[in-house]
Amino acid sequence: MTEKDPRNKTSPLIFERSQPGRRGTAVPEPDVQARPLDQLLPASALRVTPPALPEVPEHDVVRHFTEISLKNHHVDRGFYPLGSCTMKYNPKVNEMTARLPGLVDLHPFQPVSAVQGALKLMWELGEMLNEVSGMDAISLQPAAGAQGEFVGALLFRAYHTAKGDPRKKIIIPDSAHGTNPATVIMAGYEVVTLGSNAEGRMDPAALEAALGDDVAGLMLTNPNTLGKFESEIETIAELVHDAGGLLYMDGANLNALMGITRPGDLGYDIVHINLHKTFSTPHGGGGPGAGPVAVKEQLAPFLPLPILMQNEDGSYALDWERPTSIGKVHGFWGNFGVLVRAYTYMRMLGEGGIAETAKAAVLNNAYVSARLGDTYELPYGRGLHESVFSGAFLKQHGVRTLDVAKRLLDFGIHAPTVYFPLIVAEAIMCEPTETETKQELDRFCDAMLQIAEEAAKDPEFVQGAPYTTPVRRLDEARANRQPDVRFRAD
Amino acid sequence: MSFVPHSEADRQKMLRVIGVSSEEELFADIPEKLRLKGQLDIPPAVSEWEAVRILQELAAASRQLICFAGAGYYDHHAPAVVDHLIRRSEFYTAYTPYQAEVSQGTLQSIYEFQSMVCELTGLDVANASMYDGASAMAEAAMMARAIQKKRDKIVLSITANPHYRQVLDTYNLGLQMPVEIAPRTGSGVTDLDALKKLVDDETAGVIVQSPNFYGLIEDFEAAAGIAHDAGALLIAVVDPISLAILKSPGEAGADIAVAEGQPLGIPLSYGGPVLGLFAARQKHIRQMPGRIVGVTEDLEGKRGFVLTLQTREQHIRREKATSNICTNQGLCALAATIYLSTVGRDGLRRVAEASTQIAHYAYDRIVAETGLEPMFPDSPFFREFALKTKSPARDLIRRAAERGVLAGVALSRFPHIDVDDGLLVAFTEKRSKDDVELLLDVLKEE
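Keep in mind that this is a model prediction, so the values were computed, not measured.

Trainee: Please explain the interface of chain A and chain B as it appears in this structure.
Mentor: A common measure of how large an interface is: the accessible area buried when the components associate. Every contact between the two is made by 204 residues of chain A and, on the other side, 187 residues of chain B. Summed over both sides, the interface of chain A with chain B buries roughly 17200 Å², with 63% coming from carbon and sulfur. The largest contributions to the chain A side of the interface with chain B come from Arg47(A), Phe109(A) and Val485(A), which together make up 5% of the buried area. The interface formed by chain A and chain B contains 14 salt bridges. In this assembly, chain A and chain B are joined by 92 residue pairs in polar contact (both at pLDDT 80 or more). Counting residues per element, the side of chain A that touches chain B draws most heavily on helix H9 (residues 336–372) of chain A, at 27 residues. Among the residues making up the side of chain A that touches chain B, the classes are represented as 111 nonpolar, 52 polar and 41 charged.

Here is the structure:
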């Protein structure tokens with residue numbers, strides 16, 4: 001570990017930089033005659049002890065957050081092959097457009113006559129997303145993929161309730177994202193988990209056996225979390241629809257399919273789209289994202305309130321008169337700033353750039369799979385945009401997937417997603433995305449192969465990784481045992 | 001153009017290593033008949049410069065107005081340092097901090113954020129944030145139900161933000177908790193006698209907002225007493241700016257506090273992205289939804305931060321998780337942390353005081369000079385109040401917008417309130433005496 005690297009020194013908390021009486025910024029003084037607070041507000045409502053916020057000068061704030069920022073890995077610094085997360089490059093122009101006056105300073109309750117530009121942007125983005133997904137109607141309101149899933153599950157409920165019975169169960173495969181089962185429960189359904197077949201795909205026969213008139217539908221990621229296209233999707237859609245159910249696509253992996261095929265054409269009724277994955281809006285250290293939900297015509301009446309509409313004169317309005325809508329899921333109209341970024345990106349990609357992106361994402365993954373596949377096992381074979389390797393062969397040396405992940409950090413490369421999906425032992429899930437060069441992919445593959453060699457020759461070295469990061473391996477069990485989740489001054 | 005970096009030579013080399021002759025072969029698992037035929041109906045690619053022009057035109061088709069609108073969303077000044085720092089690539093192009101050893105910047109900032117939310121709310125623990133104030137309130141109701149096991153009724157004051165109630169109703173479609181609405185008094189605040197009658201041994205949580213939707217101060221202490229007497233929890237919905245000068249929910253006895261964090265340095269951005277604040281008592285930490293960051297040590301004994309208590313979360317617990325939320329509003333939480341660090345203890349009080357001073361000044365002059373009557377003259381307010389209007393408030397707002405003023409929010413646009421119409425007017429430290437004169441001009445014409 002290089003002690004000289006300033007990134008490796010422990011940074012004080014902003015609270016620990018605080019000194020009584022220091023001020024960071026001048027707040028405008030009211031230019032009207034101020035009155036004593038206790039004349040304006042009841043004394044019983046006033047706070048006696050102010051919140052113990054830090055007291056630091058502005059320059060210290062800048063130094064503090066700059067210093068701690070340097071301890072982050074990020075896409076602008078290096079490769080980020082996190083499976084299912086689509087960590088592609090975030091074009092810088094998006095940050096500029098999202099901050100344009102006239103977009104960034106609109107209050108959500110401005111009259112629609114004063115926000116026509118914002119509404120036009122949302123309308124056109126919705127049209128483009130409908131076209132890419134092969135759907136008829138869309139809500140841009142969900143603030144994240146998980147909230148999009150939740151809207152999807154509530155659409156199941158609203159659709160079936162309108163037909164007289166909400167039904168009881170939703171089927172999901174065992175390879176599904178963890179949010180799927182959690183979402184199903186929040187929507188008031190029971191989870192039926194279906195095993196995958198030897199190819200890592202859904203088995204239509206098993207599905208048929210699980211379907212019934214108490215099943216509201218199926219949530220099926222495509223390509224699934226193994227990166228495999230559900231090639232029986234036509235049969236699957238037919239079975240679900242014949243049983244009166246709906247077919248939902250978790251669109252987390254749309255980067256593999258866009259411009260190649262469309263969820264709507266595959267028989268899906270509902271899809272949520274992660275703009276922070278496929279459409280390049282930055283991840284922000286864990287949000288904000290956006291999870292628009294697109295649907296077939298028969299589900300449009302149930303979409304969240306309000307629905308954006310175009311008037312006959314070409315102007316735009318918000319339609320609140322939707323008696324069968326599931327209601328609102330966000331305080332306002334969704335993560336508008338994220339929508340601006342996705343819109344900018346889609347306009348730059350254009351018609352041709354969309355399929356080109358998917359093809360390169362799949363090419364990059366096939367290349368990584370080809371280079372690593374002889375060393376790291378691929379129990380279910382190569383996927384489209386991502387592949388799931390197994391680190392189980394390293395167990396003979398006492399080395400686990402977790403150790404490989406930590407050792408990769410020493411190469412300036414983020415670890416892949418590990419231990420997911422659950423159906424692969426010691427899973428290593430890699431998604432390179434289309435924006436990485438061959439040289440960067442080679443660097444990653446070389447590092448992975450070197451680590452496999454290190455594991456055989458000197459397993460303890462790999463088990464002790466990482467060595468060059470701002471902190472060494474952290475004790476997560478300790479954090480769980482004695483949760484310390486906040487600073488206290490005393 | 002796409003952002004694909006490969007030259008033709010790269011492509012060929014890669015295809016050779018893979019052992020195929022074209023990308024088409026890689027898609028062999030997708031049956032031919034399911035492939036897209038023809039082109040997507042999407043406009044052709046534009047250059048970066050053209051994209052900027054298109055966006056500038058869209059921006060120009062919206063109007064920038066002097067903002068007196070609130071209803072949960074306020075036009076405060078964010079010091080330049082906030083946007084400057086959140087634009088660092090290290091923060092905004094990072095993912096959720098799954099690999100803690102290379103995510104200490106994000107993790108430490110979340111720990112600081114949680115600490116600040118605890119300070120503001122006077123509660124013991126806070127999470128890494130929720131999508132917004134509305135979904136935070138819905139998640140708080142679900143958390144109260146999870147804590148109380150055999151109880152599932154929620155009693156919600158009618159004076160809470162009606163959009164929050166709509167979101168609660170949506171979140172509740174599947175869970176079907178009984179939700180009962182406590183009425184208000186003629187003074188615009190929760191009718192505590194009526195509240196007491198609704199809260200019983202079936203009640204898991206009582207939800208009261210202060211300042212309430214009409215800007216008025218509610219009595220959290222009395223509401224907490226009513227909730228606790230019946231064995232229920234009090235969920236307080238607050239305005240984070242007000243907490244610099246108003247008694248904290250923790251002090252007043254609330255068990256869970258939630259808020260819309262947008263006023264803390266986050267731009268209006270037509271309603272999103274925003275930030276849900278969520279805090280609770282220590283004993284309920286394991287039922288709290290969302291990400292939580294905790295302190296630990298590395299193997300050399302150095303302080304470090306990790307995502308903790310993840311056994312509550314869906315990627316481990318799946319259908320037994322406390323919630324399906326699997327991100328936070330990371331960058332917005334960072335913005336709030338930088339904002340609170342920069343304005344600091346003294347500055348947040350100044351922002352709160354300036355907002356309340358200009359609001360009271362404007363109130364007195366509106367009442368004295370425009371002939372418009374306040375809707376609730378008997379109740380103290382923080383920075384926002386409701387006026388009765390002679391013509392529909394919607395029309396008034398439309399006319400004012402023509403003159404560059406966003407005069408407020410029309411109450412007629414909200415469902416679930418027992419007021420047909422009126423104008424809700426809000427103030428921040430950005431509003432000056434001159435701005436108030438403009439507002440008065442607009443209102444005098446009514």
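So that's the structure; there's more coming.
Trainee: Any chance you could explain the sheet that holds strand S11 (residues 417–418) of chain A here in plain terms?
Mentor: Each strand in a sheet pairs with its neighbour through backbone hydrogen bonds, running either in the same direction (parallel) or in the opposite one (antiparallel). Residues and elements named next belong to chain A. Strand order in the open sheet made by the three strands is S10-S12-S11, with antiparallel pairing throughout. Either end of the sheet is taken by a strand with one partner, and the two such strands are strand S10 (387–390) and S11. By the bridge criterion, four bridges tie S10 to strand S12 (residues 427–430) in an arrangement that is antiparallel. The partner of Ser-387 across the bridge, within S12, is Cys-430.

Trainee: Any chance you could explain the domain arrangement of chain B here in plain terms?
Mentor: Along its sequence, chain B is organised into domain 1 (8–57), domain 2 (66–76 + 344–444) and domain 3 (80–337). Its C-alpha centre places domain 1 of chain B at a distance of 43 Å from the equivalent point of domain 3 of chain B.

Trainee: Just checking my understanding: could you explain the pattern of salt bridges for this structure?
Mentor: Once their charged atoms are close, side chains differing in charge can pair, the charge on each being opposite to the other. Scanning all chains against the criterion turns up 60 salt bridges over all chains. The closest approach of N and O atoms between Glu124(A) and Arg347(A), which form a salt bridge, is 3.9 Å. Here Arg347(A) lies in helix H9 and Glu124(A) lies in helix H4 (residues 116–133), a separation of 223 residues in the sequence. Arg478(A) serves as the salt-bridge partner of Glu297(B), at 3.6 Å between the closest nitrogen and oxygen. Of this pair, Glu297(B) sits in strand S9 (residues 293–297) while Arg478(A) is found in helix H13 (residues 476–481), placing the two residues in two different chains. Given the relative accessible area of 29%, Glu297(B) is considered partly exposed. Overall, the relative accessible area of 30% leaves Arg478(A) in the partly exposed class. Connected through shared salt-bridge partners, Arg23(A), Glu29(A), Asp346(B), Arg349(B), Arg350(B) and Glu353(B) make up one network.

Trainee: Sorry if this is basic, but what is going on with the nonpolar core here?
Mentor: Nonpolar side chains in soluble globular proteins tend to be buried together. Residues Leu207(A), Leu275(A), Phe279(A), Tyr376(A), Phe444(A), Tyr270(B) and Phe427(B) are the most contacted members of the largest nonpolar core, which totals 163 residues. Setting aside residues up to four positions removed in sequence, Leu275(A) forms contacts with Leu125(A), Leu129(A), Ser280(A), Thr281(A), Ala290(A), Pro292(A), Val338(A), Leu339(A) and Ala342(A). Of all hydrophobic cores here, the second largest spans 86 residues; its members include Leu13(A), Ile86(B), Leu234(B) and Val293(B).

Trainee: In this structure, what is going on with helix H1 (residues 8–18) of chain B? I would like to understand it.
Mentor: Residue pairs three or four apart in sequence face the same way in an α-helix, which turns once every 3.6 residues. Residue and element names in this part refer to chain B. All of the buried residues along H1 are Asp-10, Met-14, Leu-15 and Ile-18. Buried residues along H1 cover an arc of 130° about the axis, so they all sit on one side. Positive phi appears at Gly-19, one or two residues downstream of H1, with a value of about 95°.

Trainee: Is there a simple way to think about the domain arrangement of chain A in this case?
Mentor: By the assigned domains, chain A splits into domain 1 (6–69), domain 2 (94–348) and domain 3 (358–477). For domain 1 of chain A versus domain 2 of chain A, the distance between C-alpha centres works out to 41 Å.

Trainee: For this particular structure, what's the right way to read the packing of helix H6 (residues 133–148) of chain B against helix H7 (residues 162–175) of chain B?
Mentor: In a pair of packed helices, the angle between the axes and the distance between the axes together describe the arrangement. All names here are of chain B. Where H6 meets H7, the closest approach of the two axes is 8 Å, and the angle between their N-to-C directions is 45°. The angle between H6 and H7 places the two elements in the oblique class. Crossing of H6 against H7: the hand is right-handed. Between H6 and H7, the contacting residues are Gly-133, Ala-134, Ser-135, Met-137, Ala-138, Glu-139, Ala-141, Met-142 and Arg-145 on the first element and Tyr-164, Arg-165, Val-167, Leu-168, Tyr-171 and Leu-175 on the second. In terms of residue class, the contact of H6 with H7 is made up of ten nonpolar, two polar and three charged.

Trainee: So what exactly am I meant to see when it comes to the layout of surface pockets here?
Mentor: To find leftover empty space, a probe the size of one water molecule is rolled over the atoms. Its boundaries defined by the atoms lining it, the second largest pocket holds a volume of some 850 Å³. Surrounding the second largest pocket, 42 residues form its lining, Val104(A), Gly265(B), Ile266(B), Pro267(B) and Leu268(B) being those nearest its centre. Of all the secondary structure elements, the ones that give two or more residues to the lining of the second largest pocket are H9 of chain A together with strand S1 (66–67), helix H3 (80–86) and helix H12 (330–369) of chain B. In terms of residue count, H3(B) provides more of the lining of the second largest pocket than any other element does, four residues in total. Residue classes in the lining of the second largest pocket are distributed as 22 nonpolar, eleven polar and nine charged.

Trainee: Mind showing me how you'd approach the packing of aromatic side chains here?
Mentor: Each aromatic ring pair is summarised here by two numbers: the centre-to-centre distance and the angle between the ring planes. Applying the stated criterion across every chain yields a total of 28 aromatic pairs over all chains. Ring centres 5.2 Å apart and planes at 50° place the aromatic pair Tyr111(B) and Phe305(B) in the tilted group. Within this pair, whereas Tyr111(B) is found in helix H5 (residues 104–121), its partner Phe305(B) is found in strand S10 (residues 303–307), the two being separated by 194 residues in sequence. Accessibility classification places Tyr111(B) together with Phe305(B) in one group, the buried group. An angle of 65° between the planes, with centres 5.7 Å apart, marks the rings of Phe213(B) and Tyr214(B) as edge-to-face. A single burial state applies to Phe213(B) and to Tyr214(B), both of which are buried. One aromatic cluster is present, formed by Phe109(A), Trp320(A), Phe332(A), Trp333(A), Phe336(A), Tyr73(B), Phe213(B), Tyr214(B), Tyr270(B), Phe376(B) and Phe414(B) through successive ring pairs.

Trainee: So what exactly am I meant to see when it comes to unusual backbone geometry here?
Mentor: Of note, the bond from Phe420(A) into Pro421(A) is cis; its omega dihedral lies within 30 degrees of zero at 0°. Of note, Pro421(A) is situated in the loop between S11 and S12. A cis amide bond, omega 5°, links Gly272(B) with the succeeding residue Pro273(B). Mapped onto the elements of the fold, Pro273(B) is located in the loop between strand S7 (256–260) and strand S8 (276–280). A positive phi angle is found at Ser129(B), which is not glycine, with a value near 115°. Inspection of the secondary structure puts Ser129(B) in the loop between strand S2 (125–126) and H6. What makes Ser129(B) buried here is its relative accessible area of 0%.

Trainee: Explanation requested: empty space enclosed by the protein in the structure shown.
Mentor: Residues and elements named next belong to chain B. Under the counting rule described, the total for this entry stands at four cavities of 30 Å³ or more. If you add up the space inside the largest cavity, you get close to 200 Å³. Along the walls of the largest cavity sit 19 residues, with Gly-72, Tyr-74, Gln-209, Pro-211 and Asp-239 positioned nearest its centre. Of the residues in the lining of the largest cavity, the class split is ten nonpolar, five polar and four charged. Two domains share the lining of the largest cavity, each providing at least three of its residues, namely domain 2 (66–76 + 344–444) and domain 3 (80–337).

Trainee: Help me understand the environment of Leu40(B) in this model?
Mentor: Tracing the backbone through its elements, the reader meets Leu40(B) in the loop between H1 and helix H2 (48–60). In this structure Leu40(B) comes out as buried when scored by relative accessible area, which is 5%. Separated by 300 residues in the primary sequence, Leu40(B) and Leu340(B) place their C-alpha atoms 46 Å from one another. Ignoring anything within four residues of it in the chain, the contact list for Leu40(B) reads Glu131(A), Val132(A), Gly259(A), Arg262(A), Glu351(A) and Ile354(A).

Trainee: Honestly, the packing of helix H10 (residues 401–409) of chain A against helix H11 (residues 438–457) of chain A in this entry has me stumped. Any pointers?
Mentor: Residues and elements named next belong to chain A. It is the contact of H10 with H11, at a shortest axis distance of 10 Å, that shows an interaxial angle of 125°. One finds that H10 runs oblique with respect to H11. The crossing of H10 and H11 is right-handed. When H10 is examined against H11, the residues Val-404, Arg-407 and Leu-408 are found in contact with a partner set consisting of Phe-444, Ala-447, Met-448, Gln-450, Ile-451 and Glu-454.

Trainee: Honestly, the pairing of strand S3 (residues 153–157) of chain B in this entry has me stumped. Any pointers?
Mentor: Regular strands place their side chains on alternate faces of the sheet. Residues and elements named next belong to chain B. Taken across its five residues, S3 has five buried, putting it largely inside the fold. Pairing analysis gives four bridges linking S3 to strand S5 (residues 203–209), with the strands arranged parallel. Looking across to S5, one finds that Ile-154 is bridged to Gly-205. As paired strands, S3 and strand S4 (residues 179–182) are joined by four bridges and run parallel to one another. Residue pairing across strands places Ile-154 opposite Val-179, the latter belonging to S4. At this point the chain moves from S3, through H7, to the parallel S4, and the crossover so formed is right-handed.

What counts and what doesn't
- Throughout, a residue's number is its position along its own chain's written sequence, starting from 1.
- To label them, take the chains in the order written and letter them from A, then take the ligands in the order written and number them from 1.
- Thresholds applied to this predicted model are a pLDDT of at least 70 for local features of residues and 80 or more for the giving and counting of side-chain atom pairs; totals over whole chains, interfaces and linings are not thresholded and use all residues.
- Excluded from the side-chain calculations are hydrogens and water; all other atoms, namely the structure's heavy atoms, are used.
- Whether two residues are in contact is decided by their heavy atoms, any of which lying within 4.5 Å being enough.
- By convention, the term buried area covers the 1.4 Å-probe accessible surface removed from two parts as they join, with the contributions of both added.
- Each salt bridge in this description consists of a side-chain nitrogen of Lys or Arg and a carboxyl oxygen of Asp or Glu lying within 4 Å of one another.
- For this analysis, a polar contact is any N or O atom pair within 3.5 Å, provided that within protein one partner can donate a hydrogen and the other can accept it, and provided that sequence-adjacent residues contribute only side-chain to side-chain pairs.
- A run of H or I in DSSP becomes a helix once it reaches four residues, and a run of E becomes a strand once it reaches two; helices and strands are each numbered from the N terminus.
- As a working rule, the residues Ala, Val, Leu, Ile, Met, Phe, Trp, Tyr, Cys and Pro are called nonpolar, Asp, Glu, Lys and Arg charged, and the rest polar, with Gly in that last group.
- Two strands are said to pair when DSSP picks up at least two bridges between them.
- Domain segmentation is taken from an automatic or database assignment of domains.
- Classification of residues uses two cut-offs on accessible area relative to the type maximum, computed with a 1.4 Å probe and protein chains only: under 20% is buried, over 50% is exposed, and between them is partly exposed.
- Only buried Ala, Val, Leu, Ile, Met, Phe, Trp, Tyr and Cys residues count toward a nonpolar core, and they belong to the same one when joined by side-chain atoms within 4.5 Å.
- This arc is taken over the directions from the axis of the helix to the C-beta atoms.
- With axes taken as lines fitted to C-alpha atoms, and helix axes fitted only over the stretch in contact, angles between N-to-C directions fall between 0 and 180 degrees.
- For classification purposes, an angle smaller than 35 degrees is called roughly parallel, one larger than 145 roughly antiparallel, one from 65 to 115 roughly perpendicular, and anything else oblique.
- With the far helix as reference, a near helix turned anticlockwise by less than a right angle produces a left-handed crossing, and one turned clockwise produces a right-handed crossing.
- Here a cavity denotes a set of grid points, spaced 1 Å apart and computed over the protein atoms alone, in which a 1.4 Å probe fits but from which it cannot get out, and a pocket denotes an open set meeting protein on both sides within 12 Å along at least five of seven lines; residues with an atom within 4 Å of a point are reported as lining.
- Grid points are joined across faces, edges and corners, and a volume is the space filled by probe spheres set on the points.
- Ring pairs are drawn from Phe, Tyr and Trp, using the six-membered ring of Trp, whenever the two centres fall within 6.5 Å, and their geometry is named by plane angle: stacked under 30 degrees, edge-to-face over 60, tilted for the rest.
- Here a crossover is taken to be right-handed if, once the strands point away from the viewer, the path from the first strand over the helix to the second is traced clockwise.

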